[in-house]
Amino acid sequence: MHMTSTHEPKASPKVRLIMLACLIPLIVVTIAGLFVLWPSGPDKDLPGGGPTTNSAEGTTDTKVTVTAVDASDCDPGETDPMVRADCTTYTVEANGQEGSLYVTPDAVKAGVDVGDTIKALDFTQSPDRAEMGTDYVFIDFDRNVPMLILAIIYAIVVLLVAGLRGLRALIGLGFAGAVLFVFMLPAMLDGKPPVLVAMVSASLIMVIALYLAHGVSTRTSTALFGTVLGIVITGILGAWMTSWANLGIAYSEDGYLLVDTTDLGMTDIIVCAILITGLGVLNDVTITQASAVWELAAAAPEMKPGQLFSRAMRIGRDHIASTVYTITFAYVGSALMTLIIVSAHDQPLFDTFTLGDMSVEVVSILVCSIGLVIAIPLTTGLGVLVVKSGVRPPRRPTGPAAAPGTITAADLTEERPPMTRREARERDQNR
């Protein structure tokens, strides 16, 4: 009969000391990199950097409410958005005053109705008002309320299902967002080495988010080191593949803007994007594998290291399959419009996936997937070494030797193989 421990397995003091000796330099280097790479220049404004950016004198962005829609000047049955944008008159109210609104054809096709709240450029105080022929120009729909409600629903669901750990995960998510928008992106615009900035950002997010969400333990530290190894592999492979495949070309309007107005190169931007994408996926799989190892070791402490690794990897292989699908479909969803356009052309599928932005997406999927697949056995192996370091073999009786045939406490707690005929005869002779 085997005794199963109800307590979580603990690493040996020596292993805990080694892990601490590796963790402290990682934290020190991360903090040092944060200070060295912190953006010191003024905030940089990019021309045409967003939908609300406008260089016309005297214009501001504001919110307006549609009060009337008049399409009487349009021909009956007219469906062309370009034509309807010119023949439809929109009246809006802003700050208690009414004015006219020009709506772009794509917004006309989407549908702008009475009562809609719109984000618009205000030309009422601009010298270009007469030339524009309207008081306001449509920018986008105001989605603040529905998106805020959706975020609240998401937080409530996480808290209800995951409890306190879900709350800590949400706090970690907020911290990660602060790192990206307060440090990483401004540092890249400030001219700091993009790849180093991304590595420091990833390290800072990993340390805080993992320990905050899962607690300070050798299990979490194992997941952290597995994530670090995966990020290093992903970064090296991403940099090599981006250079080898000549992906440093700006294909989108945003890419042209960054290349023309900053010192950033497309290669560096792509590598940083791969690192941040890989970070989210690696955090998921490494903490799952570390937990699998610990739970299996707690359920069957007598399991040998090879058996523990083999069983944990069964879980890991399932996770590999599902997560690779997740990465692929996430990229497909983000590039769906591009895929629809290219699928309408008479072009071989292989050529489609090796040209322009699609080649960047494919390289990102493959690099992140390779980092993910390698990180799982690395984390599992590291977890097995750590968790088995604290397991001690059963203690044998240290008192006087028991007489042959005497049943001891060890016999009651240890499953023994059946006796051979010779052992049975010796037992009978000694009785």
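The structure displayed is predicted, hence computed values, not measured ones. (Residues numbered from 1 in each chain as written. Predicted model: local features only at pLDDT ≥ 70, side-chain atom pairs only at ≥ 80, totals over all residues. Heavy atoms only, no water.)

> Is there a simple way to explain the pairing of strand 1 (residues 60-70) in this structure?
Side-chain direction in a regular strand flips from residue to residue, so the side chains alternate between the two faces of the sheet. Inspection of the sheet shows strand 1 paired to strand 4 (residues 117-122) by 6 bridges, in the antiparallel sense. Of the residues in strand 4, the one forming a bridge with threonine 65 is threonine 117. Where strand 1 and strand 2 (residues 89-94) come together, 5 bridges link them in antiparallel fashion. Note on strand 2: the bridge partner recorded for threonine 65 is glutamate 93. (Pairing = 2+ DSSP bridges. Helix = DSSP H or I, 4+ residues; strand = E, 2+ residues; numbered from the N terminus.)

> Just checking my understanding: could you explain the pattern of salt bridges for this structure?
Pairing between side chains becomes possible if they bear opposite charge and their charged atoms approach one another. Taken as a whole and assessed by the stated rule, the structure comprises 4 salt bridges. Note that lysine 63 is salt-bridged to aspartate 142, the shortest N-O span being 3.5 Å. Linking lysine 63 in strand 1 with aspartate 142 in the loop between strand 5 (136-141) and helix 5 (144-189), this pair joins segments that are 79 residues apart in sequence. (Salt bridge = Lys/Arg side-chain N within 4 Å of Asp/Glu carboxyl O.)

> Help me out: how do you make sense of the environment of methionine 241 in this one?
With respect to the secondary-structure elements, methionine 241 resides in helix 7 (residues 218-244). For methionine 241, a relative accessible area of 23% corresponds to the partly exposed category. In the structure, methionine 241 is positioned 123 residues away from serine 364 in sequence and 9.5 Å away in space, judged by C-alpha atoms. Apart from the residues within four sequence positions on either side, methionine 241 is in contact with Val363 and Val367. (Buried < 20%, exposed > 50% of the residue type's maximum accessible area, 1.4 Å probe, protein only. Contact = heavy atoms within 4.5 Å.)

> Even after reading the chapter, I still don't get helix 1 (residues 13-37), so can you show me in this structure?
Along an α-helix, residues three or four positions apart point the same way, because every turn accommodates 3.6 residues. Between the first and last C-alpha of helix 1 there are 36 Å, a value that for 25 residues agrees with the 36 Å anticipated at 1.5 Å per step. In this fold, the buried residues of helix 1 make contact with helix 5, helix 6 (194-214), helix 7 and helix 13 (356-389). (Expected span 1.5 Å × (residues − 1).)

> Is there a simple way to think about the sheet that holds strand 5 in this case?
The strands that make up a sheet are held in pairs by hydrogen bonds between backbone atoms, and each pair lies either parallel or antiparallel. Taken in spatial order, the 5 strands close into a barrel running 1-2-3-5-4, and their pairing is mixed. The mean angle between the axes of side-by-side strands here comes to 55 degrees, regardless of whether they run parallel or antiparallel. Both strand 4 and strand 5 contribute to a ladder of 5 bridges, which runs antiparallel. Opposite leucine 121, over in strand 5, you have valine 137 as the bridge partner. (Axes fitted to C-alpha atoms, helices over the stretch in contact; angles between N-to-C directions.)

> When you look at the packing of aromatic side chains in this model, what are you seeing that I'm missing?
To describe a pair of aromatic rings, you give the distance between the ring centres and the angle between the ring planes. Following the criterion strictly, the structure yields 3 aromatic pairs and no others. Residues tryptophan 38 and phenylalanine 183 carry aromatic rings whose centres are separated by 5.7 Å and whose planes lie at 25 degrees to one another, so their mutual orientation is stacked. Separated by 145 residues along the polypeptide, tryptophan 38 in the loop between helix 1 and strand 1 and phenylalanine 183 in helix 5 bring together distant segments of the chain. For tryptophan 38, a relative accessible area of 39% gives the class partly exposed. Plain terms: the ring middles of phenylalanine 138 and phenylalanine 141 are 5.4 Å apart, the flat faces sit at 75 degrees to each other, and that makes the pair edge-to-face. The class of phenylalanine 138 is buried, set by a relative accessible area of 9%. (Phe/Tyr/Trp six-rings, centres within 6.5 Å; stacked < 30°, edge-to-face > 60°.)

> Teacher, can you tell me more about the nonpolar core here?
Generally speaking, nonpolar side chains in soluble globular proteins are found buried as a group. The biggest cluster of nonpolar side chains holds 66 residues, and the ones touching the most others in it are Phe183, Met184, Val197, Leu224, Val293, Leu308 and Ile327. Residue assignment for this core shows that the elements contributing at least two residues are helix 1, helix 5, helix 6, helix 7, helix 9 (266-299), helix 10 (305-334) and helix 13. If you tally residues by element for this core, the top one is helix 9, at 16 residues. With near-sequence residues (within four places) excluded, leucine 224 lies in contact with Leu23, Leu26, Met206, Val207, Leu210 and Tyr211. (Core = buried A, V, L, I, M, F, W, Y, C linked by side-chain atoms within 4.5 Å.)

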